[in-house]
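Chain and residue survey
Below are the chains, spelled out letter by letter.
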Amino acid sequence: MEAFVGILVDTLNSMIEEELGLLCGVATNMQKLSRLLSTIKAVLEDAEQKQFTNKPILQWLQELNVVAHEIDDVLDDYAAEASRVKYKNSVRFSLMCYPVAGNLVFRHRIGKRMKQILEKFNAIADERIKLDLSDQKRGSYFNASLETGSMVNEPEVLGRDEEKEQIVHILMKEKDRDDQNASILPIVGVGGLGKTTLAQLVFNDERIAKHFEPKLWVWVSEDFDGKRIIKALIESVEKTSIGDLALNTLQRKLQELLRGKRYLIVLDDVWNENTREWKKLKSVLECGSSGSSIVVTTRKQKVAEIMRTLETRYLLSLSDDQCWSLFRQQAFDCQEKQERLEAIGREIVKKCGGVPLAAKALGGFLRFKSEAEWNSVKCSELWNLPEDETHILPALRLSYLNLPVELRGCFAYCAVFPKGSKIEKEEVIHLWMANGLISSNGTMEVEDVGDAVVTELHHRSLFQAVEKDEFGLVHDDTFEMHDLVHDLARSVMEAKHGGTESNRTMMLDLRDDQLTMAFPITITGIDQFSSFLSKCGSLRALIVRSLREIVIEFTELPPAVSKKFTELPPAVSKLKHLRHLNLSRSSIVELPNSICDLWNLQILNLNDCKYLRSLPKGMRFLRNLRHLCLQGCGNLTHMPSGIGKLTCLRTLSMVVLGGKSGFRLSELRGLNNLREELTIEHLERVEDKKHAKEACLIRKQSLRKLRLNWDSKSTFQQYNDEEVLEALKPCPSLQYLSISGFEGSSLFPSWISTVTEVDVVESAAEYIVGAQESTAASAAMSPSSLKQLELENMPNLKGMLGREVQGTPGVFSQLQSLSFYRCPMLTLPLPRMPSLKELHIEQCPNMAWASISNLTSLNSLRIMDIEGFSCFPEEMLQNLSLLESLEIRWVSDLRALPRSLASLTALKELTIDHCLELESLPEEGLRGLASLQKLDIEGCYNLVSLSMGTKALKSLTHLRIARSNMADLPEEDHSIEPSTIPGNKFIQLFAARKSFHIYHVTIQSTILSNLAERR
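Residues numbered from 1 in each chain as written. Predicted model: local features only at pLDDT ≥ 70, side-chain atom pairs only at ≥ 80, totals over all residues. Heavy atoms only, no water.

Some points on the environment of Ile-543
Heads up, the rule is: Each helix corresponds to a stretch of at least 4 residues labelled H or I by DSSP, and each strand to a stretch of at least 2 residues labelled E; elements are numbered beginning at the N terminus. We call two residues contacting when some pair of their heavy atoms lies within 4.5 Å.
When you line up the elements, Ile-543 lands in strand E12 (residues 541–545). In the structure, Ile-543 is positioned 37 residues away from Met-506 in sequence and 6.3 Å away in space, judged by C-alpha atoms. Other than its neighbours up to four places away in sequence, Ile-543 contacts Glu-427, Leu-431, Met-506, Met-507, Leu-508 and Asn-582.

Encoded structure:
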C-alpha cells in the first residue's frame, strides 16, 4: 500500500508541476490531495505492522485502499483525456490550450469526483489520529517468544538425517584447510522448513561435540547488533551474565576466549544484508584455530551470499509421508481415532507443502477437534484458520514484514496466480506495471525495476526457481511460490484489499469453462463474459487462459473448442483504464479496430496466437504501448503502417513487411528502445538497400536476438539479399543472429564478427565468406566476437571459404562451436580455426574429412547420419591431441575405425551408435586411448567381440553395450564378479575397483554363462 500511495503522490505532483489541474479547475484540490496522501503515507509503515492484530487498523487500511484506487482512476481518466487531445490536436494546440479545458461536461465530472474523493481522504486522515498511528520509524516485529536455543525441542526429527550427515562431514573436514579464517556455511529455506532444527541437530551431534570446543549459539533475528552478538557469545562461553561493557572491551574479551581454539558458532535466524556490519563482526571472530566454523540459518539468499565461504545448503521440503508422520504424532491420542480420521488427515497434510512447522501446527490444532471440524479444515485455506491456534502464518509473516515497502504489494499481488502454477517472470512484471505497483526510478526502466523485484523476492525464499518443466527443460524465466508462501500472499491481499482488487485484474480461464476473476469472484459460464466486462470500468489487466494451451494433439482445434474465444467482445474497447491485455495461445483470428481506443494500453500479448492473421489498422493510436508480443504468430501476414510511431515500444517481437499499405522496414528507424529480440519477416520485399539502412538497427542497443527471414518461395523477389543483409548492421551488443531463406551467393556481411552466435537455415549461399567479404571483414576487423556458428539445410554450400580466399579470415579466429546439418555439397576443406572446441557434422556425405585434422584445439567431435561411407581417412584424427569426446552415430555403412584413433591420447568418451556394418574395433587404435573413461556401443549388430586392445584401457570406468550380437568379452587378467540388476537389464562387473555396465538385449544369457565359466 505504501508503495502504491507513493506512486499516487508522484503522479499528483507531476500533474501539478505541469499545471494540468488548471485545465479543469482542480489544481487546488490536487495540491490538497497530494499533502493528505503524503501525511497518510508517513504512517503506513506503522499500520502495516499493526493490521494483523488490530482490526480497526485493518479496516482503515481497506478503506484507504478503496479511496486510493478511486483517485487513481480519476487521475487516469484526466491524464488519458488530456494526452489523447494533445496527440490529436498537436499541430493546432499548445499544452495550455487543450480543448479538454473547454469540455464543460468533462470538467464538471472531474471536479465533482475530485471533491468527493478529497472529503473521503480528509476523513481517513482524521481517523489515523484516533488510531494512534505513528510516523516514527517502526520498532522490531520480532518478539522474545521467537528466540531459539541450541537444544532440540522435538522428540523425533524426521527427514533431515541426510542433510545433517552432509553438514557434519563438511564441518569436520574443514580442519584440513591451511586457511586460518573461519569457514561459514549458510542454511537457507522458507520459514518453518526446519533450518533451526537442522542446525540444532548438527550442534548436538556427538562427533561435533568432540571436534569443536567451544560450541556457541546466538539467536540473531532482525536486529543485527554486533555488540549484542559479541556479548551473547561471551556469556555463552563463560556461562554467566556480564555487564554493559564498551564495544572494544567486549571484542578483546571474545578474542581472548576464542584465540587458538577450534570453535563452532551458530548464528540463527539472520536477516542482515549490510555487508559492512557483517565484516565488522567477522573480523572479531577471525582468531580461532584452523577448522573453526560458523553455521548461519536464514530465509534470505542474499544473506547467504554475503556471509558464506562454503556452498550454501538449500533446505528441501519434506515428503508427504514424512509430513504425515509429524502430523500424526501431534493429532492422535489413540489408534481408533487415527484409523477413523487418517484419510481426512492425509488430505490435510497435503496443504502443508512439506513444511514441518505446518504439519505439527495443524496436527496440534486438530488433536481435540471433532470429525466435522477436521472436514472443515480439509476444505479451508490455511490462511483462513485461526492464527492464535495454528501459528503458521505469523511465522511466515516475518518474511513479509521484513520486505521493503515497495516490494510488499508486488509480493501480495502474486496471489492472483493459482496455487501451484508456474509463473512467467515477464507476465508478473507486466501485471505489476499494469496495476501501478512498480514504476521507473529515474535510472532504471520500469521493466528493469520489475526484474530487480523478482530477483529480490527469489533471494528472500518467497519465489522458488522452477528447476524443470514436464519435458525436463530448465526455464530461467519461470518461477513458482511454495503453497504456504502463496497462502501468506493470499492472506495479505485478502486482509488489505478485502476483495476490491477483483475489479482491477481479471483472468478468463477457458480451460475450466469458467470466468475466474482474481480475488475472489468466480463466475461459471463463458457466455457471461461480455456482459460482465461492462461492470469492470476500473480493470487494469485482462488475461485469457485458452483451452488451446492443453489441446496440443490437434493440428486444428475441434469445433467445441475453437468457438470459445476467436474474437474479442466489443465491451473490451470500453475498458479505458486497461493496461495489460493477454490473449496469448488463444484461437483469436483478428482484433477489432476498436481495441485501438484503449489509450492506456501498455502490454498487448498475442504470443502463440497461431490463427491471428492481421493487426488492426489503427495500431498507431496506441501511443502508450510498450510491449507488442507476437512470438509464434506464424499466420500473421499483414501489419499496418504507423507502428513506427509507437515510440514507447520496448518489445516488438516480430514485424511483417508489406507493400505500400503495410509495415515498411524504415518504420523501425525511431524504435530505438526495442529490447531482447526482433524478427523481421519477408525481407525479399525490401526494394532497395537504403530502406534497410533506414531501419537503423545499429541504434537499438538493447536488442540481443535478431532473426532475419527471407521467403525464398515468394513470387515477389528483389534479388538483393546480400545488399539488404549488409545494410541491416546491428548494434555490436547483439548476441544472436538467425538468417533464414537467404538467396545470396556468399553469406557473411562485413559486420558479422560483432555477433556471438549465428544460425543460418535454408540458405542458397555457396560460401560463408567469399573474396569480397573476406577483404571487407578484414578491413573492419576488431577482435571477433563470433563464438558459435550453425549451418542447416544449405543445399549449395561448398565450403566456408571461397576458393580464392587465402588463409583464415579473422572472423573465425574466436569460433568455438561449428555445426553442419544437411549440407550435401560441402566438399572444400575446413580452414584452420585455432579456437574451435566443438564440431558437429550431420548428413554431409561429401565432407572433406581429412581437413578435420586442421582443428588442433578440437575438444568434441560428433559425426551423425552419413550414408554411403565405409571408412574415415587415417589423417582425420591426427593432430587432435586435445579431443576428449568422439561420437559416431548412424554411419550405417562404416566398417572400421581408423588406426589413428590411437593418437587421441586425451580422449575420455567414445560413443559408437548404430554403425550397422562395423565388425571390429582397431586393436592398435584402442591401445593409445590411455585416458578413455567411457566406451558406449549401441546398435552395432555386426560387432561380435571387443578387440583385445580394450585390455589397454586402464582408465575405463564405464562400458556400455546395447543392441549387439556380441557374445563375449575379451579375457581379463583379473577376476570378474557378475551381479544381476533388478529387471535383468544389465550386468554389473567389478574389476580393479571400476564398474562396467553391459546393457544387453539378445544374448545376455551367453555373456552370463561365459562369465560363470571364467569363475
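Let's pick the thread back up.
Quick notes on the packing of aromatic side chains
Counted only if it meets this: Here the aromatic set is Phe, Tyr and Trp, taking the six-membered ring for Trp, and pairing holds for ring centres within 6.5 Å; pairs whose planes are under 30 degrees apart are stacked, those over 60 apart are edge-to-face, and all others are tilted. A 1.4 Å probe rolled over the protein chains alone gives each residue an accessible area, and that area as a share of the maximum for its type sets the label: buried under 20%, exposed over 50%, partly exposed in between.
Evaluated as defined, the whole model comprises 12 aromatic pairs. Judged by centre distance (5.7 Å) and plane angle (85°), the ring pair of Phe-327 and Trp-374 falls under edge-to-face. Taken together, the residues Phe-327 in helix H12 (residues 320–331) and Trp-374 in helix H15 (residues 371–378) connect sequence positions 47 residues apart. Each member of the pair, Phe-327 as well as Trp-374, is classed as buried.

Topic: unusual backbone geometry
Of note, the amide linkage connecting Glu-213 to Pro-214 takes the cis form, showing an omega dihedral of 5°. Take Pro-214: it is sitting in the loop between helix H7 (206–211) and strand E2 (215–221). One non-glycine residue with positive phi stands out, namely Ser-461, at about 65°. Inspection of the secondary structure assignment puts Ser-461 in the loop between helix H20 (446–459) and strand E7 (464–465).

Observations regarding helix H8 (residues 226–238)
Operational definition: Here the expected span of a helix is defined as 1.5 Å times the quantity of residues minus one. What the arc covers is the set of directions going from the helix axis to the C-beta atoms. In the analysis that follows, any N or O atom pair within 3.5 Å is treated as a polar contact, provided that within protein one partner can donate a hydrogen and the other can accept it, and provided that, for residues neighboring in sequence, both atoms belong to side chains.
For H8, spanning 13 residues, the distance from its first C-alpha to its last is 18 Å, which sits close to the expected 18 Å at 1.5 Å a residue. Along H8, the residues classified as buried are Ile-229, Ile-230, Leu-233 and Ile-234. Buried positions in H8, seen along its axis, are confined to an arc of 135° and lie on one side of it. Buried residues along H8 sit in contact with E2, helix H9 (247–258), strand E3 (264–270) and helix H10 (275–285). Where H8 begins, one side-chain oxygen reaches toward the backbone nitrogen of Lys-227, 3.0 Å away; that side chain belongs to Asp-225.

Thoughts on the environment of Leu-886
Among the secondary structure elements, Leu-886 is positioned in strand E28 (residues 885–889). Along the backbone, Leu-886 and Leu-904 are 18 residues apart, and their C-alpha atoms lie at a distance of 9.6 Å.

What to know about the side chain of Ser-851
By secondary structure assignment, the location of Ser-851 is in the loop between strand E26 (838–842) and strand E27 (860–864). When near neighbours in sequence (up to four residues on either side) are disregarded, Ser-851 contacts Pro-829 and Leu-830.

Here's the deal with the pairing of E27
Our working definition: In short, DSSP must find at least two bridges between two strands for them to pair.
Taken across its 5 residues, E27 has 4 buried, putting it largely inside the fold. Bridge analysis of E26 against E27 gives 5 bridges, and the strand direction is parallel. The partner of Glu-842 across the bridge, within E27, is Met-864. As paired elements, E27 and E28 share 5 bridges and run parallel to each other. Paired with Ile-863 across the two strands is Ile-888, which belongs to E28.

Brief notes about the confidence of the model for the protein chain
We count it as follows: Values of pLDDT, ranging from 0 to 100, describe the predictor's confidence in every residue of the model.
In this model, the protein chain carries an average pLDDT of 80, and 80% of its residues clear a pLDDT of 70 or more. Across residues 91–102, confidence stays below pLDDT 50; counting only partners more than four residues off in sequence or on other chains, it has 21 contacts. Of the regions scoring below 50 in pLDDT, residues 773–781 engages in 12 contacts with residues more than four places distant in sequence or in other chains.

With respect to the nonpolar core
For the record, the criterion: Definition used in this section: a nonpolar core is a set of buried Ala, Val, Leu, Ile, Met, Phe, Trp, Tyr and Cys residues joined via side-chain atoms within 4.5 Å.
Counting 135 residues, the largest nonpolar core has Leu-615, Leu-668, Phe-812, Phe-820 and Leu-839 as its most contacted members. Excluding residues that lie within four positions of it along the chain, Phe-812 makes contacts with Phe-748, Ile-768, Val-769, Leu-789, Met-800, Leu-801 and Met-833. Cys-323, Phe-365, Cys-410 and Phe-417 belong to the second-largest nonpolar core, a separate cluster that totals 85 residues.

Topic: the sheet that holds strand E6 (residues 423–424)
If you walk across this open sheet you meet the 3 strands as E6-E8-E7, and the pairing is antiparallel. The open sheet has two edge strands, E6 and E7, and neither has a second partner. Relative to strand E8 (residues 478–480), E7 runs antiparallel, the two being bridged by 2 bridges. Bridged to Ala-465 within E8 is Phe-479.

Quick look at the packing of helix H19 (residues 425–434) against H20
Inclusion rule: Where helices are involved, their axes are fitted lines through C-alpha atoms of the stretch in contact, as for all axes, and angles between N-to-C directions lie from 0 to 180°. The handedness criterion is simple: a crossing whose near helix is rotated anticlockwise from the far helix by less than a right angle is left-handed, and one whose near helix is rotated clockwise is right-handed.
Remark: H19 packs on H20, axes separated minimally by 9 Å, with the N-to-C direction vectors making an angle of 120°. Classified by chirality, the crossing of H20 by H19 is right-handed. Within the contact between the two elements, H19 uses Lys-425, Val-428, Ile-429, Trp-432 and Met-433 and H20 uses Val-446, Glu-447, Gly-450, Asp-451, Val-453, Val-454 and Leu-457.

Looking at helix H14 (residues 356–366)
Structurally, the α-helix is built with 3.6 residues per turn, so residues lying three or four positions apart point the same way. Burial analysis of H14 places 8 of its 11 residues in the buried class, the great majority of the element. What H14 keeps buried is the set Pro-356, Ala-358, Ala-359, Ala-361, Leu-362, Gly-363, Phe-365 and Leu-366.

Quick notes on the sheet that holds strand E1 (residues 183–188)
Read across the open sheet, the 5 strands follow the order E2-E3-E4-E1-E5; overall the sheet is parallel. Either end of the sheet is taken by a strand with one partner, and the two such strands are E2 and strand E5 (313–314). Two elements, E1 and E5, share 2 bridges in a ladder whose sense is parallel. Opposite Ile-187, over in E5, you have Arg-313 as the bridge partner.

Examining the side chain of Ser-584
Position of Ser-584 relative to the elements: it lies in the loop between strand E13 (580–582) and strand E14 (603–605). Judged by its relative accessible area of 6%, Ser-584 is buried. Looking at Ser-584, its side chain comes within polar contact range of the side chain of Asn-582, at 2.7 Å. In this view, Ser-584 contacts Val-544, Asn-605, Leu-606, Asn-607 and Cys-609; residues no more than four positions away in its chain are not counted.

Focus: the pairing of strand E21 (residues 757–761)
Of the strand pairs in this sheet, strand E20 (residues 736–740) and E21 are connected by 5 bridges, and their pairing is parallel. Bridge assignment links Ile-739 to a residue of E21, and that residue is Val-760. In this structure, E21 lies alongside strand E23 (residues 788–792), joined through 5 bridges in parallel fashion. Residue pairing for E23: Val-760 is matched across the bridge by Leu-791.

Considerations on a negative patch on the surface
Which entries qualify depends on this criterion: Patches here are clusters of residues that have more than 30% relative accessible area and form no salt bridge, with a 9 Å joining cutoff for like charges and a 5 Å cutoff for nonpolar side chains (Val, Leu, Ile, Met, Phe, Trp, Tyr). Throughout, the Shrake-Rupley method with a 1.4 Å probe supplies accessible areas, and for residues the shown protein chains are the sole cover considered. For this document, the term salt bridge refers to a Lys or Arg side-chain nitrogen within 4 Å of an Asp or Glu carboxyl oxygen. Counted as positive: Lys and Arg. Counted as negative: Asp and Glu, with His and the chain ends omitted from the count. To locate a charge, take NZ of a lysine, CZ of an arginine, CG of an aspartate or CD of a glutamate.
Taken together, Glu-687, Asp-688, Glu-722 and Glu-723 make up a surface patch of like negative charges. By the secondary structure assignment, Asp-688 is in the loop between strand E18 (676–681) and helix H24 (689–694).

Here's the deal with the pattern of salt bridges
Side-chain pairs of opposite charge can arise whenever the charged atoms involved come near each other. Throughout the structure, instances matching the rule amount to 43 salt bridges. Linking Asp-73 and Arg-540 is a salt bridge whose minimum nitrogen-to-oxygen distance equals 2.5 Å. Residue Asp-73 is located in helix H3 (residues 55–88), and its partner Arg-540 is located in the loop between helix H22 (529–533) and E12; the two are separated by 467 residues in the primary sequence. A relative accessible area of 1% places Arg-540 in the buried class.

Let's talk about the state of the cysteines
Here is the rule we go by: Working definition: a disulfide is two cysteine sulfur atoms within 2.5 Å of each other.
If you walk through the whole model with that rule in mind, you get 0 disulfides. Here Cys-323 stays unpaired: no disulfide links it, and the sulfur of Cys-352, its closest cysteine neighbor, is 5.4 Å away. For Cys-323, a relative accessible area of 0% corresponds to the buried category. Lacking any disulfide linkage, Cys-609 is separated from the closest cysteine sulfur, that of Cys-633, by 5.4 Å.

A look at the environment of Leu-575
The residue Leu-575 is located in the loop between helix H23 (559–562) and E13 in this model. When its relative accessible area of 1% is taken as the criterion, Leu-575 is described as buried. Expressed as a C-alpha distance, the spacing of Leu-575 and Lys-535, which sit 40 residues apart in the sequence, is 9.7 Å. Not counting residues up to four positions away in its chain, the partners in contact with Leu-575 are Leu-533, Cys-536, Leu-539 and Leu-598.

Some words on the packing of H14 against H15
Formally: Working rule for angles: under 35 degrees goes down as roughly parallel, over 145 as roughly antiparallel, 65 to 115 as roughly perpendicular, anything else as oblique. Residues were grouped as follows: Ala, Val, Leu, Ile, Met, Phe, Trp, Tyr, Cys and Pro as nonpolar; Asp, Glu, Lys and Arg as charged; and all remaining residues, including Gly, as polar.
The interhelical angle for the contact between H14 and H15, taken along N-to-C directions, is 150°, at an axis separation of 11 Å. Relative to H15, H14 is oriented roughly antiparallel. Each of Leu-362, Phe-365 and Leu-366 in H14 lies in contact with H15, whose residues at this interface are Glu-373, Trp-374 and Val-377. The residue inventory of the contact of H14 with H15, partitioned by class, reads 5 nonpolar, no polar and 1 charged.

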